[in-house]
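Coordinates in review
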Amino acid sequence: MIGVFAAGERGRRAAVDLAGLLGPDAVVPDGPIGPALRALWPRLGSAVFFLGTAATVRLVAPLLRDERADPGVVCVDGGFAVSLLGGADALAGRIADVLGAQAVTTSAAADSPLDELVELLDAAVEGDLAGCGEAVRLGEPVALVNPLGFPLPALPDNVVGRERGTGWTVVVDDRVPRGPRNDRLVRIVPRTLVVGVGSAAGVPAAAVSAALARLEEEHGLDPRAVRAFATLDRKVAEQGIADALEDWGFWHDSTTAPLLSYPGEELAVIPVPNPAELAIGIPSVAEAAALRGAMELSGGGRVEMAAEKVKGAGVTVAAARVLPRGRLALVGLGPGDADERTPRAEAELRRASVVVGSAECVAQVRHLLRPGTRVAADGAVRLAEAGAAVAYVEAGAGPVVAGPIRADVVRVTGVTRQL
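Please read all numbers here as calculations on a predicted model, not as lab measurements.

Here we look at the pairing of strand β17 (residues 327-332)
Across the six residues of β17, six count as buried, placing the element largely inside the fold. Residues R327, A329 and V331 point to one face of β17 and L328, L330 and G332 to the other, with burial holding for every one of them. Of the strand pairs in this sheet, β17 and strand β20 (residues 389-394) are connected by six bridges, and their pairing is parallel. When the sheet's bridge partners are listed, L330 is paired in β20 with Y392.

Take a look at the structure:
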């Protein structure tokens with residue numbers, strides 16, 4: 001929601017005119033600015049003030065909490081539209097266009113689409129993300145390499161799916177690239193891997209650590225991509241495994257990768273590439289546990305072996321990958337006004353690369369979409385199953401689709417008016 005605030009009758013008329021041009025999400029609250037701003041602040045995506053910058057700062061300063069969550073702030077004053085806070089450059093430019101004013105932007109402080117991409121994927125980063133993000137903002141060609149096919153939001157036109165003729169390259173992958181280091185390479189590393197561990201009784205921690213290191217050395221898997229470890233339930237008590245995983249977490253700054261465990265009868269029925277006749281009576285621990293853990297975390301999605309078993313001194317390790325799949329957000333626009341729409345709905349619209357819905361519904365949210373977002377009248381399930389990030393919008397509680405659907409499905413119910 002965009003709040004447009006102004007003092008005096010003349011300012012209020014200008015605010016109402018601007019709100020009409022900004023679309024249905026723009027509201028002009030009644031009454032004095034201060035109380036109205038405090039009441040709306042938690043729900044605002046942006047705030048526009050027909051005031052000077054000093055007066056605006058005094059109004060918003062007590063309300064600021066988190067630069068990632070606070071609304072963007074734009075001041076309209078003396079023929080200028082000033083992007084004051086929260087990376088509101090795009091809104092300032094849009095307001096300047098419709099009012100015939102001059103935009104004053106602060107792009108150096110604004111997050112780039114790459115920052116949002118990292119947050120969406122809950123990924124680790126290697127390389128100069130800020131420098132690459134600045135290149136994106138300046139319109140320089142930036143290559144995007146996405147070999148595993150993660151469903152990404154719409155990105156600016158200068159972010160292209162090829163490397164030729166570009167200075168910067170962004171790679172979204174869980175593998176470490178070969179070759180010399182490139183200062184203009186940014187790696188975004190999603191957490192896709194489950195590492196299975198099997199061992200003999202009394203295995204030393206050093207042996208387990210050495211085997212884990214070989215997953216990177218021999219198979220090129222980035223340790224920051226590990227989402228979980230997995231093993232046979234009776235191996236959880238092995239002190240060598242516990243100590244090695246604690247040591248791994250310390251060196252890789254990770255305390256969130258759990259150790260999953262499964263009974264032998266579950267692991268025995270999982271097909272593995274390298275079955276063996278183990279003394280414990282099942283054909284595999286490391287490979288089977290990795291695949292079983294990946295199946296659990298995938299929520300019914302596809303998994304694959306990322307690294308077949310590596311044998312060490314009394315220990316074996318293997319890695320399975322949770323493969324990305326498309327995303328289908330079923331978004332209800334609610335029966336009420338735009339200011340009653342949930343922030344989650346707006347976040348899903350910005351996350352989508354394709355928005356599907358009737359012309360009337362899409363018109364209500366078009367101003368919230370990223371530049372480059374495709375719009376379609378139908379085909380939401382087909383597009384999501386093909387790997388796209390799709391938002392399917394409908395009035396009321398939102399669309400209903402028949403399953404099963406080979407994509408991650410989230411539902412964002414529209415807000416019903418309180419009677």
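Quick look at the sheet that holds strand β11 (residues 185-189)
Pairing within the open sheet is mixed, and its five strands lie in the order β7-β11-β10-β8-β9. Here the strands that pair on one side only, and so sit at the sheet edges, are β7 (124-126) and β9 (159-160). Here strand β8 (residues 142-145) runs beside strand β10 (residues 168-172); their pairing, made up of four bridges, is parallel. Residue pairing across strands places A143 opposite T169, the latter belonging to β10. In the packing of helix α5 (residues 113-121) onto the sheet, contacts are made with β7, β10 and β11, and the angle to β11 comes to roughly 25°. Lying over the sheet, helix α6 (residues 129-137) contacts β7, β8, β9, β10 and β11, oriented at roughly 115° with respect to β10.

As for the pairing of β11
Among the five residues that make up β11, five are buried, leaving the element largely enclosed by the rest of the structure. Burial of the side chains of β11 extends over both faces: L185, R187 and V189 are buried on one face and V186 and I188 on the other. As judged from the three bridges shared by β7 and β11, these two strands associate in the antiparallel manner. Paired with E126 across the bridge in β11 is R187. Pairing analysis gives four bridges linking β10 to β11, with the strands arranged parallel. Directly across from T169, in β11, lies its bridge partner L185.

Considering the sheet that holds β20
Read across the open sheet, the five strands follow the order β19-β18-β20-β17-β21; overall the sheet is parallel. Strand pairing shows two members of the sheet lacking a second neighbour, β19 (374-376) and β21 (408-412), which therefore form its edges. Strand after strand, the sheet turns through a mean of 20° between neighbouring axes, direction not considered. Alignment of strand β18 (residues 354-356) against β19, held across three bridges, turns out to be parallel. Pairing of V356 across the sheet is with A376, part of β19. Running at roughly 140° to β17, helix α11 (residues 343-351) makes contact with β17, β18, β20 and β21 of the sheet.

Concerning the nonpolar core
Ranked by size, the top nonpolar core spans 24 residues in total, and within it V195, V197, V208, L212, F229, V315 and V317 carry the most contacts. Listed by contribution, the elements that provide at least two residues to this core are β12 (193-199), α7 (205-219), β13 (226-232), α8 (239-251), β15 (303-311) and β16 (315-322). The greatest single-element share of this core, amounting to five residues, is contributed by α7. Look past the residues within four positions of V208 in its chain and what remains in contact with it is V197, V203, G240, I241, A244 and V315. In this structure, L117, L121, L129 and V170 belong to the second largest nonpolar core, which totals 21 residues.

The rules behind each value
Residues numbered from 1 in each chain as written. Predicted model: local features only at pLDDT ≥ 70, side-chain atom pairs only at ≥ 80, totals over all residues. Heavy atoms only, no water. Buried < 20%, exposed > 50% of the residue type's maximum accessible area, 1.4 Å probe, protein only. Helix = DSSP H or I, 4+ residues; strand = E, 2+ residues; numbered from the N terminus. Pairing = 2+ DSSP bridges. Contact = heavy atoms within 4.5 Å. Axes fitted to C-alpha atoms, helices over the stretch in contact; angles between N-to-C directions. Core = buried A, V, L, I, M, F, W, Y, C linked by side-chain atoms within 4.5 Å.

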